[in-house]
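Examination of the molecular architecture
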Amino acid sequence: MAVVKLKGVSRYFPVGNKPITALDKVDLTLERGEFVVLRGASGSGKSTLLNLIGAMDDPNEGEVFIHGKALSSLSDKQKSQLRSHYIGFIFQSFNLIPVLTALENVQYPLSLQRIANNEAKDRAAQALAQVGLADFIHRRPNQLSGGQMQRVAIARALVTKPDIILADEPTANLDSETSKQIMDLLGSLNRETGVTFLFATHHDFVLSRASRILELKDGHIVKDEQLQNLNLVDQIASGEKVG
Amino acid sequence: MLRLKLALLNVLRNGRRSFITLLAIQFGVISLILMGGFFASMYEGMREGVIRSQLGHIQIYQQGFNQFGSQQPEEYLIDAEVLQKVTKLVEELEQVELVTPRLNFTGLLTDGSRSLAVVVEGINPEKEALLSSAVKLTAGEDLFEEDTDGALIGDGLFKSLNLSVGASLTLMATTADGSFDARDVTAIGAISTGTREVDNRFMRMNLQHAQELMYTEGVTRLVVLLNDTKHTDEVMALLSEVFQEQGLALELRSWNDLADYYHEVVNLFDGIFFVVQIIVLAIVLLGIVNTMVMAVMERTQEIGTIRAIGGTRGEVMGLFISEAFILGLIGSVLGVIFSILLAQGITAASIMMPTPPGSSQNYPIRIFTEADLLWKNGLFGLLIAVISSIYPAVKASRMVITKALRFA
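Residues numbered from 1 in each chain as written. Chains lettered and ligands numbered in written order. Predicted model: local features only at pLDDT ≥ 70, side-chain atom pairs only at ≥ 80, totals over all residues. Heavy atoms only, no water.

1. Considerations on the overall build of chain B
On a plain count of helices and strands, chain B comes out with 15 helices and twelve strands. Contacts in chain B between residues far apart in sequence, at least 24 positions, make up 79% of those at least 6 positions apart. On chain B, roughly 19,300 Å² of surface is accessible, and the fraction owed to carbon and sulfur atoms is 59%. Taking the 30 positively charged and 44 negatively charged side chains of chain B as two groups, their mean positions are separated by 24 Å. (Helix = DSSP H or I, 4+ residues; strand = E, 2+ residues; numbered from the N terminus. Contact = heavy atoms within 4.5 Å. Areas by Shrake-Rupley, 256 points an atom, 1.4 Å probe, with all protein chains shown as cover. Lys, Arg positive; Asp, Glu negative; His and termini not counted. Charge placed at Lys NZ, Arg CZ, Asp CG, Glu CD.)

2. Focus: the overall build of chain A
Across its full length, chain A holds seven helices and ten strands. Taking 18 Å as the expected radius of gyration for a compact globule of 243 residues, we find that chain A reaches 18 Å, a close match to that expectation. With respect to the principal axes defined by its C-alpha atoms, chain A has extents near 50 × 40 × 35 Å. Residues counted as buried form 53% of the 243 residues belonging to chain A. Sequence separation of 24 or more characterises 71% of the internal contacts of chain A that already satisfy a separation of 6 or more. (Rg over C-alpha atoms; globule rule 2.2 N^0.38 Å. Buried < 20%, exposed > 50% of the residue type's maximum accessible area, 1.4 Å probe, protein only.)

3. Details of the sheet that holds strand β6 (residues 87-90) of chain A
Pairing between the strands of a sheet comes from backbone hydrogen bonds, and it takes one of two forms, parallel or antiparallel. Residue and element names in this part refer to chain A. Taken in spatial order, the six strands make up an open sheet running β6-β7-β8-β3-β9-β10, and their pairing is mixed. The sheet is open, and its two edges are formed by β6 and β10 (220-226), each paired on a single side. Neighbouring strand axes in the sheet, compared pairwise and without regard to direction, differ in orientation by 15° on average. In this sheet, strand β8 (residues 196-200) lies alongside strand β3 (residues 35-39) in parallel orientation, the contact comprising four bridges. If you follow Val37 over to β8, its bridge partner there is Phe199. Packed on one face of the sheet, helix α1 (residues 46-53) meets β3, β6, β7 (164-168), β8 and β9 (212-217) and runs near 150° to β7. (Pairing = 2+ DSSP bridges. Axes fitted to C-alpha atoms, helices over the stretch in contact; angles between N-to-C directions.)

4. Side note on the environment of Val99 of chain A
Within the fold, Val99 of chain A resides in the loop between β6 and α3 (102-112). Using a relative accessible area of 11% as the deciding quantity, one classes Val99 of chain A as buried. Separated by 42 residues in the primary sequence, Val99 of chain A and Pro141 of chain A place their C-alpha atoms 8.0 Å from one another. Setting aside residues up to four positions removed in sequence, Val99 of chain A forms contacts with Glu104 and Arg140 of chain A together with Leu6, Leu9, Asn10 and Arg13 of chain B.

5. What about the nonpolar core?
Within the largest apolar cluster, 60 residues are counted, with the highest numbers of intra-cluster contacts made by Ile97, Leu100 and Tyr108 of chain A together with Leu6, Ile288, Ile303 and Phe320 of chain B. Put simply, the parts of the chain that give this core at least two residues each are α3 of chain A together with α1 (2-13), α2 (15-55), β9 (221-226), α11 (260-298), α12 (300-308), α13 (313-349) and α14 (371-397) of chain B. In terms of residue count, α2 of chain B provides more of this core than any other element does, 15 residues in total. A domain-level breakdown of this core finds at least three residues from each of domain 1 (2-50 + 262-406) and domain 2 (64-248) of chain B. In this structure, Ile97 of chain A is in contact with Asn105, Tyr108 and Pro141 of chain A together with Leu6, Glu302 and Ile306 of chain B, ignoring residues within four places of it in sequence. Of all hydrophobic cores here, the second largest spans 47 residues; its members include Leu171, Met205, Val224 and Leu239 of chain B. (Core = buried A, V, L, I, M, F, W, Y, C linked by side-chain atoms within 4.5 Å. Domains from an automatic or database assignment.)

6. Some remarks on the domain arrangement of chain B
Domain annotation of chain B identifies domain 1 (2-50 + 262-406) and domain 2 (64-248). The C-alpha-based centres of domain 1 of chain B and domain 2 of chain B are spaced at 50 Å.

7. Description of the side chain of Arg212 of chain A
Residues and elements named next belong to chain A. Position of Arg212 relative to the elements: it lies in strand β9. Polar contacts involving the side chain of Arg212 include one to the side chain of Glu34, which spans 3.1 Å. The residues contacting Arg212, other than those within four sequence positions of it, are Leu28, Thr29, Leu30, Glu34, Phe35, Val36, Val37, Asp224, Glu225, Gln226 and Leu227. (Polar contact = N/O pair within 3.5 Å; in protein donor to acceptor, adjacent residues only side chain to side chain.)

8. Some thoughts on the pattern of salt bridges
Using the criterion set out here, one finds 29 salt bridges over all chains in the structure. Residues Asp76 of chain A and Arg313 of chain B are paired through a salt bridge, measuring 3.6 Å at the closest nitrogen-oxygen approach. Of this pair, Asp76 of chain A sits in helix α2 (residues 76-86) while Arg313 of chain B sits in helix α13, placing the two residues on different chains. Taking the relative accessible area as the measure of exposure, Asp76 of chain A reaches 27% and is therefore partly exposed. Among the ionic pairs, Arg17 of chain B bridges to Glu298 of chain B, the shortest N-O distance being 2.9 Å. You can see Arg17 of chain B sitting in helix α2 and its partner Glu298 of chain B sitting in helix α11, a full 281 residues away along the chain. You can call Arg17 of chain B buried: its relative accessible area is 12%. For Glu298 of chain B, a relative accessible area of 52% corresponds to the exposed category. (Salt bridge = Lys/Arg side-chain N within 4 Å of Asp/Glu carboxyl O.)

9. A look at the sheet that holds strand β4 (residues 61-66) of chain A
All names here are of chain A. Read from one edge of the open sheet, four strands run β2-β1-β4-β5, paired in antiparallel fashion. Since the sheet does not close on itself, it has two edges, and those belong to β2 (18-30) and β5 (69-70), each with one partner. The strands that α1 touches are β1 (4-15), β2 and β4; relative to β1, the one it contacts most, it runs at about 125°.

10. Examining the pairing of β8 of chain A
Residue and element names in this part refer to chain A. Most of β8 is tucked away, with five of its five residues classed as buried. Neither face of β8 is exposed, since Thr196, Leu198 and Ala200 on one face and Phe197 and Phe199 on the opposite face are all buried. In terms of strand pairing, β7 meets β8 through five bridges, oriented parallel. Pairing of Leu166 across the sheet is with Leu198, part of β8.

11. What about the environment of Leu185 of chain A?
Residue and element names in this part refer to chain A. For Leu185, the location among the structural elements is in helix α6 (residues 176-193). Along the primary structure Leu185 and Asp175 are separated by ten residues, whereas in three dimensions their C-alpha atoms are 15 Å apart. The residues touching Leu185, leaving out its near neighbours within four places in the chain, are Gln130, Val131, Arg151 and Ile154.

12. Quick look at the packing of α2 of chain B against α11 of chain B
All names here are of chain B. Two numbers describe how α2 lies on α11: the axes approach to 9 Å, and their chain directions differ by 175°. One way to sum up the angle between α2 and α11 is to call them roughly antiparallel. Broken down by class, the residue content of the contact of α2 with α11 amounts to 24 nonpolar, six polar and four charged. (Parallel < 35°, antiparallel > 145°, perpendicular 65-115°, else oblique. Nonpolar A, V, L, I, M, F, W, Y, C, P; charged D, E, K, R; others polar.)

13. Digging into unusual backbone geometry
Note: most residues except glycine have negative phi, and most peptide bonds are trans. Even without being glycine, Ala55 of chain A reaches a positive phi, approximately 60°. Located in the positive-phi region is Asn162 of chain B, a residue other than glycine, with phi close to 50°. Looking at where Asn162 of chain B falls in the secondary structure, it is placed in the loop between α6 (155-160) and β6 (167-174). Relative accessible area serves as the criterion here: at 66%, Asn162 of chain B is assigned to the exposed category.

14. Overview of the side chain of Asp57 of chain A
Relative to the assigned elements, Asp57 of chain A resides in the loop between α1 and β4. Look at Asp57 of chain A and you get buried, because its relative accessible area is 12%. A polar side-chain atom of Asp57 of chain A sits 2.9 Å from a polar atom in the side chain of Arg11 of chain A. Ignoring anything within four residues of it in the chain, the contact list for Asp57 of chain A reads Arg11, Phe13, Asn51 and Leu52 of chain A together with Thr402 of chain B.

Next up, the structure:
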């Protein structure tokens, strides 16, 4: 089953008296294990698409399905639970809670799922170790560099073992070297865990790591290119062990 | 656990704002405890004043006195035999401090040139000295049993007749058998009951002297003083039962039934206290709502993040309400502690209040800090803090996630 499916999705925003079309009758399917890069100029609809897939916004037309569930049929609480269990988010400005340590920031989504404190701590520590921050777990965000903060955010997105991770310009606030390190990390996590990644980005170096490239223009997908340089999707399709 | 820790850390996050919120809660709690404690002390002072100057805790009358006694008081006197029996029965109760008889009648007091209508009370001086501890001697000496013709004159009456200690007066009254008689009395002192109207036409004399003037061995009432006001209802019930068993045709009235003025004052001040509570509530509520709304605005992006990573609206609401609960708890506890210290300081300072209307004595400010008052107002502070957080919490929980995430 597809992780994400969009059928004829449109989204308009009123600007003055006229509605501006952010997405226009978009059809899209994302499969498990894909590493998808979403490209497009500013205002092309990238963030709107991520918000709709992330169950944080509702389309004016069409339907979004996550794991076969139509989002329009879910209540606000059910959408929160769906985000909690199936979707991970990585933000451009990291969005860590400043009063919590790295460990607590990663533990927090698990506490929202009412997972016992000790288990949540163990899983958060493992996730931080996975992103190379085992020695920084007790630091607050203001004691970490930009790259380290984004790694904490990645660990927070991964810790709930979601089916898809949505990232809106995750490297926009990082220098090029750190950006490459972060993308390498995400690529390896994609291969290790089989989780689907969908990125909105301007950076071209990301393209070499993608299994699929989507290009948006004026609310339409104008390019949908499957790349063969990563064979993760094929591995999953053929039933080989991932990670 | 982590969610509670997050709430606590958020409280500590902006120290100045939390401090202002704590001040608002403490202001509310302290204001209400001090005012409530002051009113409670005033109520107690008034209550014990009327009990220990005029009413006692319980009064015992001949049956029918309260209905018909004002027209024919001589028909409703307790006779000497019943008086002796009842006194013995009442004195046997452990809650009773003393029981004393009084003979009340109206008369005309004259100094030879002027005459004034007076309310006379024949008393047992020794027992009355214990019962009427709130009656203050303002001139001369107290009344003793050997002062057969001595009288204590109400302070206002003493002044209006321009009397001096030792002045000779004549008291005229209608006797129990309906004739008219007079006795010479000597003004040995002036007294204040604390109520100006009473002091303007009141006098006390030895019971035996009063009985001789009235040609009776009976008394109007027996006044019972208990060792604690809280026993009043219990002793009333006990005496009713005993009198019924003994076949005594008597009726009882407690201070609560007789102190109309006290109840009027209590009702008036309770009304004032209620209005003050509403004003304090409004001030504290607006203060806390304001600071909580600021906290919500500052943390808009954080709220969006919590919602994005799976936090429900209830989770966001719970976070802000938890923060208010923590602030309310700390503010209320500190408010209660400061209230106790302030109350003790103010009481120790013995600041005198001006003489209240209708009263003839001033009194020092005392502030009671009874457990009941403390916990109720502490809880009030906590509830106000939580209630104040509901609007900001709802506002936070209703934020559009995508807009909140874009908020910088």
